Amino acid sequence: MDKVKVGIVGCGNISGIYFENLTKLFVNTEVYACADVFKERAEEAAEKYGVPNVWTTEELLASPDIQIVVNLTTPKGHFEVCKQALLSGKHVYVEKPLSLALAHGQELVELAAEKGLMLGCAPDTFLGAGIQTCRKLIDDGFIGEPVAASAFMVCHGHESWHPDPEFYYQAGGGPMFDMGPYYLTALVSLLGPAATVAGMTKTSFAQRTITSEKKFGKQIDVEVPTHVAGTVQFASGAVATMVTSFDVWDSTLPRIEIYGTRGTLIVPDPNTFGGPVLLKPAGGTSFMEIPLVHNYAVNSRGIGVADIADCITSGNRPRACGELANHVLEIMHAFHTSSDTKRYAELATSCEQPRPLPLGLIKGYIS
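What counts, and where the lines are drawn
- Sequence order as written defines the numbering, with residues in each chain counted from 1.
- Where totals are concerned, whole chains, interfaces and linings use all residues; where local detail is concerned, this predicted model gives features only for residues with pLDDT of at least 70, and gives and counts side-chain atom pairs only at 80 or more.
- For side-chain calculations, the full set of non-hydrogen atoms in the structure is used, while hydrogens and water are omitted.
- Think of it this way: any DSSP run of H or I at least four residues long counts as a helix, any run of E at least two long counts as a strand, and we number them from the N terminus.
- Based on C-alpha atoms, the radius of gyration is set beside the globule rule, defined as 2.2 Å times the residue count to the power 0.38.
- For every residue, the accessible area (1.4 Å probe, protein chains only) is compared with the maximum for its type, and the residue is labelled buried under 20%, exposed over 50%, or partly exposed between those bounds.
- Throughout, the Shrake-Rupley method with a 1.4 Å probe supplies accessible areas, and for residues the shown protein chains are the sole cover considered.
- Charge assignment in this entry is limited to Lys and Arg as positive and Asp and Glu as negative, and neither His nor the chain termini are counted.
- Where a charge lies is defined by one atom per residue type, namely NZ (Lys), CZ (Arg), CG (Asp) and CD (Glu).
- Every patch collects residues that have over 30% relative accessible area and no salt bridge, joining them within 9 Å if they carry like charges and within 5 Å if they are nonpolar side chains (Val, Leu, Ile, Met, Phe, Trp, Tyr).
- Any Lys or Arg side-chain nitrogen located within 4 Å of an Asp or Glu carboxyl oxygen qualifies as a salt bridge.
- The angle between two axes is taken between their N-to-C directions and runs from 0 to 180 degrees, where each axis is a line fitted to C-alpha atoms and a helix contributes only its stretch in contact.
- Reported orientations rely on four angle classes, namely roughly parallel under 35 degrees, roughly antiparallel over 145, roughly perpendicular from 65 to 115, and oblique for the rest.
- Crossings are assigned a handedness: left-handed for a near helix turned anticlockwise from the far helix by less than a right angle, right-handed for a clockwise turn.
- Working rule for contacts: check all heavy atoms of both residues, and any pair within 4.5 Å makes them a contact.
- Here, strands pair whenever DSSP counts at least two bridges between them.
- Residues grouped as a nonpolar core are buried Ala, Val, Leu, Ile, Met, Phe, Trp, Tyr and Cys residues, joined through side-chain atoms within 4.5 Å.

Draft legend 1. View of the overall build of the chain. Tallying secondary structure elements over the chain gives nine helices and 17 strands in all. A globule of 367 residues ought to have a C-alpha radius of gyration of about 21 Å, and the chain, at 20 Å, matches this closely. Its C-alpha atoms give the chain principal-axis dimensions of about 60 × 50 × 40 Å. Counting every position in the chain, which comprises 367 residues, the buried fraction comes to 54%. Of the roughly 15500 Å² that the chain leaves accessible, carbon and sulfur atoms contribute 53%. Side-chain charges in the chain split into 28 positive and 39 negative, and the spacing between the mean points of these groups amounts to 3 Å.

Draft legend 2. Broad picture of a negative patch on the surface. Side chains of Glu 40, Glu 43, Glu 44 and Glu 47 sit close together on the surface and give a patch of like negative charge. Along the chain, the position of Glu 43 falls in helix H2 (residues 39-49).

Draft legend 3. Geometry of the packing of helix H7 (residues 175-191) against helix H9 (residues 322-341). Two elements in contact, H7 and H9, have axes separated by 9 Å at closest approach and are oriented at 120 degrees. Taken together, the axis directions place H7 and H9 in an arrangement best described as oblique. With respect to the hand of their crossing, H7 and H9 are arranged in right-handed fashion. When H7 is examined against H9, the residues Met 176, Phe 177, Gly 180, Pro 181, Leu 184, Thr 185 and Val 188 are found in contact with a partner set consisting of Leu 324, His 327, Val 328, Leu 329, Ile 331, Met 332, His 333, Phe 335 and His 336.

Draft legend 4. Local environment of the sheet that holds strand E15 (residues 278-281). Taken in spatial order, the nine strands make up an open sheet running E16-E15-E14-E13-E7-E12-E11-E8-E17, and their pairing is mixed. With partners counted over all chains shown, the strands left at the sheet margins are strand E16 (288-289) and strand E17 (345-346), one partner each. Summarising the sheet, strand E7 (residues 146-154) and strand E13 (residues 256-260) pair through five bridges and their orientation is antiparallel. For Ala 151, the partnering residue across the bridge sits in E13 and is Ile 256. Strand contacts of H7: E7, strand E11 (227-234), strand E12 (239-245), E13 and strand E14 (263-267), with the helix running at about 160 degrees to E7, the strand carrying the most contacts.

Draft legend 5. Unusual backbone geometry, seen in detail. Residue Pro 97 is bonded to the preceding Lys 96 through a cis peptide linkage, with omega at -5 degrees. Note on placement: Pro 97 falls in the loop between strand E5 (91-94) and helix H5 (102-115). Omega for the bond connecting Gly 275 with Pro 276 falls within 30 degrees of zero, at 5 degrees, which places this linkage in the cis form. Mapping Pro 276 onto the fold places it in the loop between E14 and E15. A positive phi angle, near 70 degrees, is found at Tyr 296, a position not held by glycine. Within the secondary structure, Tyr 296 is located in the loop between E16 and helix H8 (303-314). Accessibility expressed as a relative area gives 2% for Tyr 296, which makes it buried.

Draft legend 6. Expanded view of the nonpolar core. Membership of the largest hydrophobic core comes to 84 residues, with the highest contact counts inside it found for Val 70, Leu 187, Ile 258 and Leu 265. A per-element tally of this core places H7 first, with 11 residues. Filtering out sequence-adjacent residues up to four positions away, Leu 265 remains in contact with Cys 134, Leu 137, Ile 138, Ile 143, Ile 256, Glu 257, Ile 258, Val 277, Leu 278 and Leu 279. Counting 24 residues, the second largest nonpolar core, distinct from the first, contains Val 9, Leu 108, Leu 111 and Ala 112.

As structure tokens, this is what we get:
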């Protein structure tokens, strides 16, 4: 199999799992070059993972050998790096979110289409064995027609463990933009595109104190809502209740549950790739754990990149595509817009429900 050459821009904390999987797990990708504003980071990654070239971002984008640019910069850099990569004729896969501004997300989708290039975006966790097994159960009618869902991501923020938590409380941060992509992408993959959002937000603490070691004691001014709650009505008619919060010390809330006319499905944490998947049919006495019927139950970040690599030769549409990411971006903004305007937010974007992965794949292959 000819491997698709990948260039990684951004060699920070999240990059390690991408380097690991794109060099060792997936058989159709080769990390050919990497770049970072701190050159020593790129050099360390190249040495650790056997990457042959350490370039500047400009050199990487200009290389005729690079087919896919994997953009792992901070969210503020997502739009500009993606745009320059597309203008350079490269397919692109970017960490979530697609961009901070709605207009920028739409611009990237349109630019990729104009250039005949593929645009992909994290999260790709919905391609893991857990959520793909849930998709199979729903598609095969095990819970009947989905009528409702719930999704909860609640914690007390990241200042107790993250070495540089400031950006979580600045414009473009907050619990919805940090963790909402995992939950909303999972819901769209299971229920299809959304149509309407109603939201309420609040900021419970004006300041946060960092208690992680690197910046212990530093005060952070909070610029964004830290508790976001509301509902999403999907085009199918299903209604989801959603809460994302950095204001909750502890909770026993579930991650995601799907309620159908014939049963209830408990979906695993959408920030992971595995299980457990729990099903209780109507009339059942208890939940039963369902065996996972797909591969990729361990941390398989980068599967979205491998999917793009496969689509380069197969002509298929990537599952973790730009249209999906842009739709999720609008849903996240809609929670805040609805709260600010005290009105329902009708969505302007939509997307195709991502096609499921086939059963019984040999690990390392995407099809």
